[in-house]
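Structural overview
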Amino acid sequence: MRLAEAWRVAWDALRANRMRSALTMLGVVIGVASVVLLVAIGTGTKQRVEQQVEGLGSNLLLVVPGRLDVGSAPAVSPLTLQDVDAVGRVVGDPSRVAVTVASGATVRAGNREDFTTVQGVLETTPTVFARELGRGRYLTGSDVDTGRRVAVLGDSVARSLFPDREAVGQQINVAGVRFRVIGVFVPLGQSLGVDRDDEVHIPVTAAQRLYGTQRVDAIAVKAPDRERIDELGERIVAELNGRHPGTEFSAVTQEQILGVLGDILGILTGVLAAIAGISLLVGGVGVSNIMLVSVRERTREIGLRKAVGARPRDIGVQFLLEAVLLTSVGGLTGMALGVGGALLVAALSPIPAAVTWWSLALAFGVSAAVGIVFGVVPAQRAGRLDPVVALRAE
Amino acid sequence: MSRAPAIEAVDVSRTYQLDGVSVPALRGVSLTVGAGDYVALIGPSGSGKSTLMHLLGGLDRPTAGRLVIGGREVGTLSPPELARLRNETIGFVFQAFHLLPRTSAVDNVALPLVYRGVGARQRRERAAAMLGRVGLGHRLHHRPNQLSGGEQQRVAIARALVTDPTVLLADEPTGNLDSTTGAAVLELLERLNTESGVALVMVTHDAEVAARARRRIAMRDGVVVADSAALPGEASVLGEARPADGGGGR
Ligand SMILES: Nc1ncnc2c1ncn2[C@@H]1O[C@H](COP(=O)(O)OP(=O)(O)OP(=O)(O)O)[C@@H](O)[C@H]1O
Ligand SMILES: [Mg+2]
């Protein structure tokens, strides 16, 4: 039998049992759609995160206690402002060093309030992290030295506290202490469902007093040149290790952060795809099951076809093609649904989704392969049926 | 070729294995079906008629003995080779019609040609012509469930003959039909046997029907108990009654 003919026979057989074919396909449809959708979300998230890390500014070194690694817990920081000065001396330029000591706090203005992240920072932050000010001014060295109670607001905080007034020049109350607003950042927008403009910067000295600590959480350094960034990191770590025997520090570059985030998101995407793959497998078992039912139901047809000259192979191919057609059509439908779902998610929710060609090709290939793998047993069974026995079947 | 037998069985046996017990359905049957023969196969139920028909048509293999169909020794053929032999030499007509449901008459008739690699258009043409010959030229696109029993059996006969086989094996072809319809189907088979020279081997329980055949083979308990062709002189009469028609060659 010609292959084109065999496809037609398989197609007719599926159409003859529309409802059953559709229900059988459903398993594959759901499996493929979820693979495509989840991989799209994983990929989109990864791309978004990478953009943001790159957007932090170039040649950035983050100095944190503990190790930066997948699965390692963040350590409590023993770093103080003296360490920051020491790092500044290692770098040779204190204006390239930034710090943060951050905490969630309620910020009030009049009868409005907003729970936000209040970060204690140095005046160097805009240089190191490439943050732009929309209006007003940023913190100065003297603000930091004197622990002056001044604040620079993220765009959303400014809007929520002062919806109808200019924020700059107003008073706000952070955890019971009054601060004067001196500037507002240019909005950064949302990412991964997180509002990046939901923050308040105050002098690190004021923050330490507010939180009752001498510590800072992390130090960031903008390296003077890219080539020697790793060496600089090592020198900083050596200095800090000398100052804090018994504590391990890490200096990580943007590339390393990207690498770690990529690993995490890669694992996440893999896990999601695997879960979706399991549903595809379950769909395949359903196909196998229905094909076995179909072989049994059409035993007489098989007997008749053999009587008029069908070879075992012709019958086997017919049923195999039926299974492959079932899963391929299911796969295509699932791909369409997955792509549609990804577009909807990207459009209607803050979750990014980027459909990748490889996930489509993979999903389709896997669904066709599922048809072959799960169709082989029923097809062989059909091909080997004894025609005399088959013709006598009910 | 016209005198070469279409099918030759020598001391053929078929034993079924049923739960470890041997059931001998055929016990040493020898017979020859000549080109253009018209044979009635008779015998009580369970005597092995259907079993023999399956063997003669290459649907099944003997457990012992020699069986030659269209000049080819069945025992030496692989399953695909046997399938091809069936397709080219044999036409089956069953008591239960065995038409594909949800498939038009013309496509049912064309089915054997599918396995011969004939293109779709030519298949339909040949199938339609064959349906015309069995008097169903006006029913090409009817589905089996839209046809009467007699019409369905005619479609099945057309399907059996569309490949231009040398032997038509009909196992109780009128068994599911009322007597009037059955008689018409029988007449059709006889006409096709005369017109196209296809050998007709027909199982029947009807003595009147059997009497119309040129040759009668009676079976009992898996053996042939009477074969009218074995009578001296009759074989030569048959040989002359059917002129050369090219046998199985095409
Ligand atoms: N698949 C099988 N397994 C075991 N025994 C079988 C099988 N097929 C047929 N038989 C036995 O072989 C014998 C001959 O059966 P067969 O069908 O050839 O009889 P038959 O002459 O066609 O009868 P009927 O006139 O009722 O159709 C019977 O005893 C039957 O039970
Ligand atoms: Mg029988």
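Data block above holds the structure.
From a predicted model like this one, the values you see are computed outputs, not experimental measurements. (Residues numbered from 1 in each chain as written. Chains lettered and ligands numbered in written order. Predicted model: local features only at pLDDT ≥ 70, side-chain atom pairs only at ≥ 80, totals over all residues. Heavy atoms only, no water.)

1. As for the side chain of Q318(A)
Among the secondary structure elements, Q318(A) is positioned in helix 11 (residues 312-348). Within the local environment of Q318(A), its side chain forms a polar contact with the side chain of E301(A), the two groups lying 3.4 Å apart. Not counting chain neighbours up to four residues away, the residues in contact with Q318(A) comprise V9(A), A10(A), R298(A), E301(A), R305(A) and Y115(B). (Helix = DSSP H or I, 4+ residues; strand = E, 2+ residues; numbered from the N terminus. Polar contact = N/O pair within 3.5 Å; in protein donor to acceptor, adjacent residues only side chain to side chain. Contact = heavy atoms within 4.5 Å.)

2. A word on the sheet that holds strand 2 (residues 21-33) of chain B
All names here are of chain B. One open sheet holds the four strands; their spatial order is 2-1-4-5, and the pairing between them is antiparallel. A single partner strand is all that each edge strand has here, and the edge strands are strand 2 and strand 5 (72-73). As paired elements, strand 1 (residues 7-18) and strand 4 (residues 64-69) share five bridges and run antiparallel to each other. Within strand 4, the position partnered with E8 by the bridge is V68. The strands touched by helix 1 (residues 49-56) within the sheet are strand 1, strand 2 and strand 4, with strand 2 carrying the most contacts at an inclination of about 60°. (Pairing = 2+ DSSP bridges. Axes fitted to C-alpha atoms, helices over the stretch in contact; angles between N-to-C directions.)

3. Some words on the interface of chain A and chain B
Each partner contributes to the interface: chain A provides 23 residues, whereas chain B provides 23 residues. Of the roughly 2000 Å² buried between chain A and chain B, counting both surfaces, carbon and sulfur atoms make up 62%. The three residues of chain A that bury the most area against chain B are L304(A), V308(A) and V388(A), which together make up 25% of that side's buried surface. At the boundary of chain A and chain B, one finds one salt bridge. Among the salt bridges present, the one from E5(A) reaches R123(B), with a minimum N-O distance of 2.8 Å. If you look at where chain A meets chain B, you find five residue pairs in polar contact (both at pLDDT 80 or more). Of all elements in the fold, only helix 1 (3-16), helix 10 (299-307), helix 11 and helix 13 (387-392) of chain A reach the threshold of two or more residues within the side of chain A that touches chain B. Among the elements that make up the side of chain A that touches chain B, the one with the highest residue count is helix 10 of chain A (six residues). Among the residues forming the side of chain A that touches chain B, the class breakdown is eleven nonpolar, two polar and ten charged. (Buried area = accessible area lost by both parts, 1.4 Å probe. Salt bridge = Lys/Arg side-chain N within 4 Å of Asp/Glu carboxyl O. Nonpolar A, V, L, I, M, F, W, Y, C, P; charged D, E, K, R; others polar.)

4. Details of the packing of aromatic side chains
This structure, assessed with the given rule, holds two aromatic pairs over all chains. Residues Y138(A) and F185(A) carry aromatic rings whose centres are separated by 5.8 Å and whose planes lie at 50° to one another, so their mutual orientation is tilted. You can see Y138(A) sitting in the loop between strand 4 (133-136) and helix 5 (141-146) and its partner F185(A) sitting in strand 7 (residues 177-185), a full 47 residues away along the chain. Side by side, Y138(A) and F185(A) carry an identical accessibility label, which is buried. Measuring from centroid to centroid gives 5.7 Å for F92(B) and F94(B), while their planes differ by 10°, and the two rings are stacked. Taking the relative accessible area as the measure of exposure, F92(B) reaches 8% and is therefore buried. Seen from the ring of F185(A), R131(A) lies directly overhead, with NZ or CZ sitting 4.0 Å from the centre. (Phe/Tyr/Trp six-rings, centres within 6.5 Å; stacked < 30°, edge-to-face > 60°. Buried < 20%, exposed > 50% of the residue type's maximum accessible area, 1.4 Å probe, protein only. Lys NZ or Arg CZ within 6 Å of the ring centre and 35° of its normal.)

5. Structural notes on the pairing of strand 12 (residues 249-253) of chain A
Residue and element names in this part refer to chain A. Of all five residues that make up strand 12, five are buried, and the element is covered over most of its length. Of the two faces of strand 12, the one carrying F249, A251 and T253 and the one carrying S250 and V252 are both buried. Relative to strand 12, strand 1 (residues 60-65) runs antiparallel, the two being bridged by five bridges. In the strand pairing of strand 12, V64 is matched with S250.

6. With respect to the pattern of salt bridges
Residues and elements named next belong to chain A. This structure, assessed with the given rule, holds 28 salt bridges over all chains. Among the ionic pairs, E5 bridges to R8, the shortest N-O distance being 3.4 Å. Here R8 and E5 lie together in helix 1, a separation of three residues that amounts to about one turn. Under the relative-accessibility criterion, E5 is labelled buried at 10%.

7. Structural notes on unusual backbone geometry
All names here are of chain B. One non-glycine residue, R102, adopts positive backbone phi at about 55°. Residue position: R102 is located in the loop between strand 6 (90-93) and helix 3 (105-114). Positive phi is not limited to glycine here, since E172 has a value of about 50°. Mapped onto the elements of the fold, E172 is located in the loop between strand 7 (167-171) and helix 6 (179-196).

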